[in-house]
Amino acid sequence: MSTPDAAPASASVAGVQTLPARRDGLAGFDVQFASGVRTRCVTGAGALGHLPALAAEVGLTGTSGFLCDARLVFVQRALVESLGKQLGGTLARPVREDRKSLAEVEAMAEVLSARGLSRDGFVVALGGGVLTDLAGLAAALYQRGVPWIAAPTTLLSQVDAGLGGKTGANLRAGKNLVGAFHQPRLVVCDPAVLATLSLRERFSGLAEIVKCALLDPARDADGEPFLDRCERTLDRAASGDAATLAPLIAAALRLKAEIVATDEREGESGSATPRPARLRAFLNLGHTVGHALESATGYTRFTHGEAVALGLRGALLLSQKRGLLDADETARAVALVSRIAIDAPRGLTGEERAAALGALARDKKVRDGAVRFVLLAGLGAPQLQAVSADEAAYALDAALTLSPRNGSTFTP
Ligand SMILES: NC(=O)c1ccc[n+]([C@@H]2O[C@H](COP(=O)([O-])OP(=O)(O)OC[C@H]3O[C@@H](n4cnc5c(N)ncnc54)[C@H](O)[C@@H]3O)[C@@H](O)[C@H]2O)c1
Ligand SMILES: [Zn+2]
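1. Some thoughts on the pairing of strand β11 (residues 371-376)
Inference 1: With five of six residues buried, β11 is to be regarded as a mostly interior element.
Inference 2: As paired strands, β11 and strand β12 (residues 382-387) are joined by six bridges and run antiparallel to one another. Residue arginine 372 lies in a different strand from β12, and its bridge partner there is alanine 386.
Inference 3: Once β11 ends, the chain turns through five residues before running back antiparallel as β12, passing glycine 378 with a positive phi of about 110 degrees.

Below, the structure written as structure tokens:
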């Protein structure tokens, strides 16, 4: 396989290119951003065992700072020990969402410095989205930026947080309020590590996969349309079976890659740039209500994926109410979304509902006083549409209403 240039200086055509068949049996593609930056994505069971070789393929051969979620030292001992030996030692970090702070980014930068990392070195981030967001930000800031590798170990981070270059930390006022765009040079997704994840965490990631399948149902997922494969294999995927998870992860990651390749900074690249056909904002399907639910319940009741699954329900039923999505498509999509187990009570107190409505009104996608939702004008046809406060409330209530497994009707 050819070795790509490490950091092309000039702007080039954005897109995603499949890698030729590999001797190690792993699948992969390169994401080329218009800015000239390139990210290689490699997926497959056992991929993490090849991480040092994969790093070398993208030109990363200097000193490495191997930042690792401390929990993995216990639950993935053999993997962490083996990588630690090859990467000059393990820098285990006790990360948690409620400590996803700049203080931790500073602590990471200090350990990278103590490790002797210089500008020709690179950071390896092994862990869930909390670890990869923080380590990516540390890599963006350390010596004004060193390359980094995302090795996401939760299903959510494999299909979402690992790719796209958003790094960040929380402030007291809210999540991810400080951060930087810093694209990883390499993303390695190994479904084998997901076996030690809890069922709840796997369902959380599956919500993002289902979201992707609704955005692009006909996408090829190892010889089968993505949505069909999701419907057929969701339960086995939830059990953690790596072979079942692999094609779902690959399809979701590839969809995200194609979207971010043409919208590197979420539509912020300047008015002269033509609007990309598939806005990065489409990846927020289900997230407007999802974020409101997370915020109204203090980020402690629902996992992110549970909130997204509920938010998808709200977006689907609002799409139907608006006459965008017909009854059959709504029923099909709601039935799939309803298979994402929600391991938390859905009922909101009056205070929580008011907080969720307040969060919807403040959503960052609010423009000219109207909340903008990603709705579906058919499966695979996302649209960004302004909705009224009443419609946002409808979506919130629809999200939380339990319905028969295949039911798509909702009466507020
Ligand atoms: N940068 C982005 O584009 C982006 C996108 C989505 C989410 N995020 C961020 O990602 C974070 C959520 O990520 P997450 O859901 O991965 O949470 P997380 O990193 O907290 O991981 C969830 C739990 O799983 C544990 N864990 C990780 N890998 C494991 C494994 N293989 N086996 C057993 N346990 C394991 C972690 O220690 C943690 O307890 C949020 O902070 C969110 O803001 C970022
Ligand atoms: Zn999400």
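Right, picking up where we left off after that structure.
2. Section: unusual backbone geometry
For residues that are not glycine, phi is negative in most cases, and the peptide bond is trans in most cases.
Inference 1: Phi is positive for arginine 144, close to 60 degrees, though the residue is something other than glycine.
Inference 2: By secondary structure assignment, the location of arginine 144 is in the loop between α5 (129-141) and β7 (148-152).
Inference 3: Unlike most non-glycine residues, asparagine 176 shows phi in positive territory, near 55 degrees.
Inference 4: Looking at the secondary structure, you find asparagine 176 in strand β9 (residues 174-181).
Inference 5: The class for asparagine 176 is partly exposed, based on 14 C-beta atoms found within 10 Å.

3. A closer look at the site of ligand 1
Inference 1: Lining the immediate environment of ligand 1, one finds 29 residues, of which Gly128, Gly129, Val130, Thr154 and Ala161 sit closest.
Inference 2: Elements with a minimum of two residues in the shell around ligand 1: α2 (70-75), α5, α6 (155-161), β9 and α7 (199-215).
Inference 3: Looking at the shell around ligand 1 residue by residue, the classes come out as eight nonpolar, twelve polar and nine charged.

4. What about the domain arrangement of the protein chain?
Inference 1: You can read the domains of the protein chain as domain 1 (15-262) and domain 2 (285-400).
Inference 2: Its C-alpha centre places domain 1 at a distance of 27 Å from the equivalent point of domain 2.
Inference 3: With 21 residues of domain 1 in contact, the opposing surface of domain 2 contributes 21 residues.
Inference 4: Every element with two or more residues in the side of domain 1 that touches domain 2 is listed here: α7 and α8 (226-238).

5. Topic: the environment of glutamate 81
Inference 1: For glutamate 81, the location among the structural elements is in helix α3 (residues 77-86).
Inference 2: The class for glutamate 81 is exposed, based on 12 C-beta atoms found within 10 Å.
Inference 3: Through-space distance from the C-alpha of glutamate 81 to that of alanine 381 is 45 Å; in sequence the pair is 300 residues apart.

6. Observations concerning the sheet that holds strand β4 (residues 64-69)
Inference 1: The strand order across the open sheet built from eight strands is β1-β2-β3-β10-β7-β6-β4-β5, with neighbouring strands paired in mixed fashion. At either end of the open sheet lies a strand with only one pairing partner, and these are β1 (15-18) and β5 (90-93). Averaged over all pairs of adjacent strands, the angle between their axes in this sheet comes to 20 degrees, without regard to strand direction.
Inference 2: Inspection of the sheet shows strand β2 (residues 27-32) paired to strand β3 (residues 38-43) by six bridges, in the antiparallel sense.

7. Some points on the pairing of β7
Inference 1: Burial analysis of β7 places five of its five residues in the buried class, the great majority of the element.
Inference 2: Burial along β7 is two-sided: Trp148, Ala150 and Pro152 and Ile149 and Ala151, pointing in opposite directions, are all buried.
Inference 3: Bridging between strand β6 (residues 122-127) and β7 involves five bridges; their strand directions are parallel. Directly across from alanine 125, in β7, lies its bridge partner alanine 150.
Inference 4: Crossover connection from β6 via α5 to parallel β7: handedness right-handed.
Inference 5: Across two bridges, the pairing between β7 and strand β10 (residues 186-189) is parallel. Its bridge partner being in β10, isoleucine 149 is matched across the sheet by leucine 186.

8. Some thoughts on the environment of glycine 46
Inference 1: With respect to the helices and strands, the residue glycine 46 is situated in the loop between β3 and α1 (51-57).
Inference 2: The class of glycine 46 is partly exposed, set by 13 C-beta atoms lying within 10 Å.
Inference 3: In this structure, glycine 46 is in contact with Asp190 and Ala192, ignoring residues within four places of it in sequence.

9. Concerning the packing of α8 against helix α9 (residues 242-262)
Inference 1: Contact pair α8 / α9: the axes reach a minimum separation of 9 Å and the direction vectors enclose 140 degrees. Classed by the angle they form, the pair α8 and α9 counts as oblique. As for the relative orientation of α8 and α9, their crossing is left-handed in sense. Contact residues: Phe226, Arg229, Cys230, Thr233, Arg236 and Ala237 in α8; Thr244, Leu245, Pro247, Leu248 and Ala251 in α9.
Inference 2: Across the contact of α8 with α9, the residue classes break down as seven nonpolar, two polar and two charged.

10. So, helix α11 (residues 304-321)
Inference 1: Taking 1.5 Å of rise per residue, 18 residues should cover 26 Å, and α11 covers 25 Å from first to last C-alpha, within 8% of that figure.
Inference 2: Most of α11 is tucked away: 17 of the 18 residues are buried.
Inference 3: In the stretch just after α11, glycine 323 is the one whose phi turns positive, near 80 degrees.

11. Concerning the nonpolar core
Looking at soluble globular proteins, one finds that nonpolar side chains tend to be buried together.
Inference 1: Counting residues in hydrophobic clusters, the biggest one holds 125 residues, and the most contacted among them are Val123, Ala125, Ile149 and Val188.
Inference 2: Sorting elements by how many residues they give to this core places α9 first, with 13 residues.
Inference 3: Both of domain 1 (15-262) and domain 2 (285-400) provide at least three residues apiece to this core.
Inference 4: Beyond its immediate chain neighbours, meaning those up to four positions away, valine 123 contacts Gly65, Leu67, Leu112, Ala135, Ala138, Ala139, Val146 and Trp148.

12. Some words on the confidence of the model for the protein chain
Inference 1: The predicted model of the protein chain has a mean per-residue pLDDT of 91, with 90% of residues at 70 or higher.
Inference 2: Every residue in residues 269-274 scores below 50 in pLDDT, and together they form one contact with partners more than four places removed in sequence or on other chains.

13. Some words on the packing of α7 against α9
Inference 1: In contact at an axis separation of 9 Å, α7 and α9 are set at 60 degrees when each is read in the N-to-C sense. Between α7 and α9, the interaxial angle falls into the category oblique. The element α7 and its partner α9 pack so that their crossing is left-handed. Counted together, Glu208, Ile209, Cys212 and Leu215 of α7 and Leu248, Ala251, Ala252 and Leu255 of α9 form the full contact between these two elements.
Inference 2: A class-by-class count of the residues in the contact of α7 with α9 yields seven nonpolar, no polar and one charged.

About the criteria used
- Residues numbered from 1 in each chain as written.
- Chains lettered and ligands numbered in written order.
- Predicted model: local features only at pLDDT ≥ 70, side-chain atom pairs only at ≥ 80, totals over all residues.
- Buried ≥ 20, exposed ≤ 12 C-beta atoms within 10 Å, placed from the backbone.
- Helix = DSSP H or I, 4+ residues; strand = E, 2+ residues; numbered from the N terminus.
- Pairing = 2+ DSSP bridges.
- Near = placed C-beta within 6 Å.
- Nonpolar A, V, L, I, M, F, W, Y, C, P; charged D, E, K, R; others polar.
- Domains from an automatic or database assignment.
- Contact = placed C-beta atoms within 7 Å.
- Axes fitted to C-alpha atoms, helices over the stretch in contact; angles between N-to-C directions.
- Right-handed = clockwise from strand over helix to strand, strands pointing away.
- Parallel < 35°, antiparallel > 145°, perpendicular 65-115°, else oblique.
- Left-handed = near helix turned anticlockwise from the far one by under 90°.
- Expected span 1.5 Å × (residues − 1).
- Core = buried A, V, L, I, M, F, W, Y, C linked by C-beta atoms within 7 Å.
- pLDDT = per-residue confidence, 0-100.

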